[in-house]
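A closer look at the structure
Next come the chains, spelled out residue by residue.
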Amino acid sequence: MNVLLIGSGGREHALAWKVSQSPLLSTLYAAPGNPGIAEHASLVGVDINDHENVVSFCKETDIGLVIVGPEAPLVAGLADALNAADVKVFGPTAAAARLEGSKGFTKDLCAEYDIPTAAYGRFNNAPKAKAYVRQVGAPVVIKADGIAAGKGVVVAMTLAEALDAVDACFEGAFGSAGAEVVVEEFLDGEEVSFFCLCDGKLAVPFGTAQDHKRVGDGDTGPNTGGMGAYSPASIMTADITPRVMRDIIEPTMRGMAEKGCPFTGVLYAGLMLTKDGPKLIEYNARFGDPECQVLMMRLADDVLPILDAAANGDLDGFSPRWLSDKAITIVMAADGYPDSPLKGTIIRGIAAAELQPHVKVFHAGTALEGADIIANGGRVLNVTATGGTVRQAQERAYAGVDEIDW
Ligand code: AMP
Ligand code: GLY
C-alpha cells in the first residue's frame, strides 16, 4: 500500500518511523515533511492547503491511505475532500473535528449526553461573560472557543485575572478563535492524556501519556504545546479505563454518530482525574505532540493495519499490544520558545545521540541548509528513549540530549 502522511512535526516523524516498518507498506510519501521524516518517506511538494492538489496527487500515485497528523487540515476539511474523491483517510471530517475545533460544540455535546466535564457557560460578549465569571468566582477557566495554537486557555486563579482574560479574548488576542468565549469551572486533580482509535462507530483504547506543559524547569513559565511526555500514565489504572470508556468516550461516539458526523481517527481526551472521578477537559481530533512519539516507541504491533482498519470502519476485533517498557520524550526547543524562537542555528550530534542505547531522536522544527541540520521552529528535536522504568528511560534520553551539540 502507498501511504501519504500529512504534517511536519515530531508527531509525524514518529508516525513515519513506525509506518515505514510495516511489511504492508509499498511507498511512504510525506507533505510537507521535515529532514527526519525524509529518512523514511519521499517528501512531495503537495500544498496541503489545496485539497484538490492533495486529491489529484493521491489519484496519480495510487495512495491507499492518507494519514493526517495535525488538526488544522482536519478542521479545514481535508478528510471531507478525500472522502468525496474515494481516497481513504485516517482522520475525522471537518464536522467531526469540531470536537477539537469548537470548545462550545464539545461542551454542548457533553451536556446533551451527560458526559462528566466542568460546568460552563458560552458567551459572545464581554459583559455577559464577566457577569458569569463574577457569579462563579475564582479560580475559573477562560477559553477562546476556537483553535488558538494551544494558547487560548487562561486558568485564572484570581477574579481580576479572569476578567482581564475575558477582555483579551473579545479584544482579539486569539483572533477569530476568541469571538466566542467559554467560561468553565476550575477542575482540581491530575491530568492525563487518553487516546482512542475510532472507526465512526467503535473506539479502541490506544494508550495513555502525561505531558509537561510549561516551558521552564520546575514547572515554570508559559504553557507550550508540550515540552515532553511519558507513557504509560500509571495514574490511569485498570479500573479507570472502563469507566472513561463508558462515561466519556462511548457517549461521545454515539452522540457524534447521531448528529450525522461519526468520528474517525484519533480521539485524544484530555482528562482530569478529580476526587469525583474522571472528567473531560477537552478533546483533540489527532494524536498529541509529543505524546505520539512515546506511543509509537511502545506500540508492539504494526501500526498500518490498525490505522487502515479505523479508516475502513473496521476496528472490531483490534486490541493493540504494547511493550512493557516505558517511554519518555524530551523536547529540545529553540531559545525564545514559545514567544519568538530563534531560527537558523546549526545542530550537530543527532547521530551520536542515537548511538546511545534505546534512544531515538525525532525531528520537529528542523530544516536542511546545505549539509547542516538547522533549527527551523519552536520545538526542534524530541529525544526519546525506552527503559524498564520511567526513570531509566529518562536517564537514557538525557544521555542522548548530552550528545547533541546545539
Ligand atoms: P485545553 O486547551 O482545554 O486543554 O486547556 C489547556 C490546559 O488548561 C489544560 O491542559 C489544563 O491544564 C488547563 N485547564 C483547562 N480547563 C481546565 C479546567 N476546567 N480546570 C482546570 N484546568 C483546566
Ligand atoms: N501535547 C499536547 C497536544 O498535543 O495537544
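This text gives an overview of the structure that appears in the document.

About the cut-offs
- Residues numbered from 1 in each chain as written.
- Chains lettered and ligands numbered in written order.
- Predicted model: local features only at pLDDT ≥ 70, side-chain atom pairs only at ≥ 80, totals over all residues.
- Heavy atoms only, no water.
- Near = heavy atom within 4 Å.
- Polar contact = N/O pair within 3.5 Å; in protein donor to acceptor, adjacent residues only side chain to side chain.
- Areas by Shrake-Rupley, 256 points an atom, 1.4 Å probe, with all protein chains shown as cover.
- Nonpolar A, V, L, I, M, F, W, Y, C, P; charged D, E, K, R; others polar.
- Helix = DSSP H or I, 4+ residues; strand = E, 2+ residues; numbered from the N terminus.
- Buried < 20%, exposed > 50% of the residue type's maximum accessible area, 1.4 Å probe, protein only.
- Salt bridge = Lys/Arg side-chain N within 4 Å of Asp/Glu carboxyl O.

**Concerning the site of ligand 2**
Neighbouring ligand 2 are the residues Asp 211, Gly 225, Tyr 268, Asn 284, Arg 286, Gly 288, Asp 289, Pro 290 and Glu 291. Note that a nitrogen atom of ligand 2 is positioned 3.0 Å from one of the side-chain N or O atoms of Asp 211. A distance of 2.7 Å separates a nitrogen atom of ligand 2 from a polar backbone atom of Gly 225. Protein coverage of the free-state accessible area of ligand 2, which is 200 Å², stands at 86%. Of the residues assigned to the shell around ligand 2, the class counts are two nonpolar, three polar and four charged.

**Side note on unusual backbone geometry**
Residue Pro 32 follows Ala 31 across a cis peptide bond; omega there is -10°. The topology assignment puts Pro 32 in strand β2 (residues 28-32). Unusually for a residue other than glycine, Asp 86 sits at a positive phi of about 65°. For Asp 86, the position within the fold is in the loop between α4 (78-84) and β5 (89-90). Given a relative accessible area of 71%, Asp 86 falls into the exposed group. One non-glycine residue, Asp 114, adopts positive backbone phi at about 60°. For Asp 114, a relative accessible area of 67% gives the class exposed.

**Comments concerning the pattern of salt bridges**
Going through the model one piece at a time under the given rule, you end up with 16 salt bridges. The partner of Glu 100 in a salt bridge is Arg 286, and the shortest N-O contact between them spans 3.1 Å. With a gap of 186 residues between them, Glu 100 in helix α5 (residues 98-101) and Arg 286 in the loop between β16 (277-284) and α10 (291-298) connect regions that are remote in the sequence. Lys 130 is the salt-bridge partner of Asp 167, the closest N and O atoms lying 2.9 Å from each other. Highlighted residues: Asp 167 in helix α8 (residues 159-170) and Lys 130 in helix α7 (residues 126-136), separated in sequence by 37 residues. Judged by relative accessible area, Lys 130 falls into the buried class, the value being 17%. Linked by salt bridges that have partners in common, Glu 71, Glu 100 and Arg 286 make up one network.

**Re the site of ligand 1**
Among the 15 residues in the neighbourhood of ligand 1, the closest are listed as Glu 184, Glu 185, Leu 187, Glu 191 and Glu 282. In the model, a nitrogen atom of ligand 1 is placed 2.9 Å from a nitrogen or oxygen of the Glu 185 main chain. Between Lys 213 and ligand 1, the recorded distance is 3.4 Å, taken from a side-chain N or O atom to an oxygen atom. Surface burial for ligand 1 is 89%, taken as the share of its 470 Å² of free accessible area covered by protein chains. Looking at the shell around ligand 1, the elements with two or more residues in it are β7 (140-144), β8 (153-156), β9 (181-185) and β16. Considering only residue class, the shell around ligand 1 consists of eight nonpolar, no polar and seven charged.

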